[in-house]
Amino acid sequence: MNQSLEKAERIRACKNRRHVTLVTAYDYPTGRLLDEAGVDIVLVGDSVGMVLLGFPDTTHVTLDHMIHHVEATARGVKNALLVGDMPIHTYDTVEQAVQSARRLFQAGADAVKLEGGAAQAEKIRAIVDAGIPAVGHIGLLPQKVLEEGGYKIKGKSSAEEEALVKDVEAVAEAGACAVVVEGVTPHAARQITVHSPIPTLGIGSGAHTCDGDVVVIHDLVGAFPWFVPAFVKPRADVAGSMTAAVREWMKDSYTDPGSISS
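Just so it is clear, the structure is predicted and the values come from calculations on it, not from any experiment.

Participant: Mind showing me how you'd approach the UniProt feature "active site" (unreviewed entry) in the protein here?
Facilitator: Look at the UniProt record and you will see "active site" (unreviewed entry) annotated at Glu182. Relative to the elements of secondary structure, glutamate 182 occurs in strand S6 (residues 178–182). Beyond its immediate stretch of four places on either side in the chain, glutamate 182 contacts His137, Ile138, Gly139, Leu140, Pro142, Ile203 and Ser205.

Participant: Would you explain empty space enclosed by the protein in this entry?
Facilitator: To find the voids left in a structure, one rolls a probe of water-molecule size over its atoms. All chains considered together, the criterion is met by one cavity of 30 Å³ or more. Taken as a whole, the largest cavity holds about 30 Å³ of empty space. Along the walls of the largest cavity sit Leu140, Leu141, Pro142, Lys144, Val145, Glu148, Gly150, Tyr151 and Lys152, which together make up its complete lining. Among the residues making up the lining of the largest cavity, the classes are represented as five nonpolar, one polar and three charged.

Participant: When you look at helix H1 (residues 3–12) in this model, what are you seeing that I'm missing?
Facilitator: For an α-helix, the turn length of 3.6 residues means that residues three or four places apart are oriented alike. Buried residues of H1: Ser4, Lys7, Ala8 and Ile11, and no others. Each buried residue of H1 lies within a common arc of 100 degrees when the element is viewed along its axis, so the set occupies one face. Buried residues along H1 sit against strand S2 (41–44), strand S3 (81–85), helix H5 (94–106) and S6. Two or three places before serine 4, at the opening of H1, asparagine 2 has a side-chain oxygen 3.1 Å from that residue's backbone nitrogen.

Participant: Help me understand the side chain of glutamine 143 in this model?
Facilitator: Within the secondary structure, glutamine 143 sits in the loop between strand S5 (134–139) and helix H7 (145–148). Exposure remark for glutamine 143: the relative accessible area of 9% places this residue in the buried category. Here the side chain of glutamine 143 touches methionine 86 through a polar contact of 3.0 Å, landing on its backbone oxygen. Beyond its immediate sequence surroundings of up to four residues, glutamine 143 is in contact with Asp46, Thr58, Thr59, Met86, Pro87, Ile88, Tyr91 and Glu115.

Participant: So what exactly am I meant to see when it comes to the nonpolar core here?
Facilitator: Generally speaking, nonpolar side chains in soluble globular proteins are found buried as a group. Ranked by size, the top nonpolar core spans 56 residues in total, and within it Val42, Met86, Leu104 and Ile127 carry the most contacts. Non-local contacts of leucine 104, meaning those with residues more than four positions away in its chain, are made with Leu63, Met66, Ile67, Val70, Gly84, Asp85, Met86, Ala109 and Val112.

Participant: So what exactly am I meant to see when it comes to the pattern of salt bridges here?
Facilitator: Pairing is possible between side chains that carry opposite charge, provided their charged atoms lie close to one another. Summed over all chains, the structure comprises eleven salt bridges. Here lysine 154 ties to glutamate 148 by a salt bridge, and the two come within 2.9 Å at their closest N and O atoms. Glutamate 148 sits in the partly exposed class, given a relative accessible area of 27%. Notably, a salt bridge pairs lysine 166 with glutamate 162, separated by 3.7 Å at the nearest N-O pair. Taken together, the positions of lysine 166 and glutamate 162, both in helix H8 (residues 158–173) and four residues apart, correspond to about one turn of that helix.

Calculation criteria
- Residues numbered from 1 in each chain as written.
- Predicted model: local features only at pLDDT ≥ 70, side-chain atom pairs only at ≥ 80, totals over all residues.
- Heavy atoms only, no water.
- UniProt positions renumbered as here; feature names shortened; annotations may be inferred.
- Helix = DSSP H or I, 4+ residues; strand = E, 2+ residues; numbered from the N terminus.
- Contact = heavy atoms within 4.5 Å.
- 1 Å grid on protein atoms, 1.4 Å probe; cavity = no way out; pocket = protein on both sides within 12 Å on 5 of 7 lines; lining within 4 Å.
- Points joined across faces, edges and corners; volume = space filled by probe spheres on them.
- Nonpolar A, V, L, I, M, F, W, Y, C, P; charged D, E, K, R; others polar.
- Buried < 20%, exposed > 50% of the residue type's maximum accessible area, 1.4 Å probe, protein only.
- Arc of directions from axis to C-beta.
- Polar contact = N/O pair within 3.5 Å; in protein donor to acceptor, adjacent residues only side chain to side chain.
- Core = buried A, V, L, I, M, F, W, Y, C linked by side-chain atoms within 4.5 Å.
- Salt bridge = Lys/Arg side-chain N within 4 Å of Asp/Glu carboxyl O.

Set out below in structure tokens:
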């Protein structure tokens, strides 16, 4: 078994045993810091489009963007499962999904993540059959933000909750080693977790509802002050510290032109 498959099996084995942590990274130093901190999964997410590239949402991210950031992050990650997001329209067909997954895998990802539940089961199965671990993503799907007219919480009705449970069962049966559960009601998140044979990783789905948690690193350390999700408690103020450091440097480096001798 290769190292990537071993890492994926290690994550799968965490179900009902211990909490799983997933944090995003998009470059070498961040990936290395997270790996050395002991994070279980490092995700090179298509959220890179918003927090690093300045796009309004993730739908502008391309496969080339993802490959660039996966390659950089992979140089710093040795122990964690490194997952690369598959951006929108890179897995519209089974064949395209496998091809895109291979490119991310060749760039250094241990696994790939694609959005969607039962509708993506065939693609997940094909990716796994190609020897590449896969992570599912159900609930609120950021790549559908334009199609749905915004970010809308899922699982509010019993019908939606039942559909989400079927989604997680399908994703797991297709061979995914874990599944991200984003933007669903706490009750739905608990039901999904109960019915899931693989670790569920929650983000914006309530506290203590899933087998693990997901956080965008910029939200966690306060590096993106223009928007902070309500469900995140920043543990640092990197943006404030950076601004203060630059202003202090500017003040210290200022030289009165009249003090320069000829």
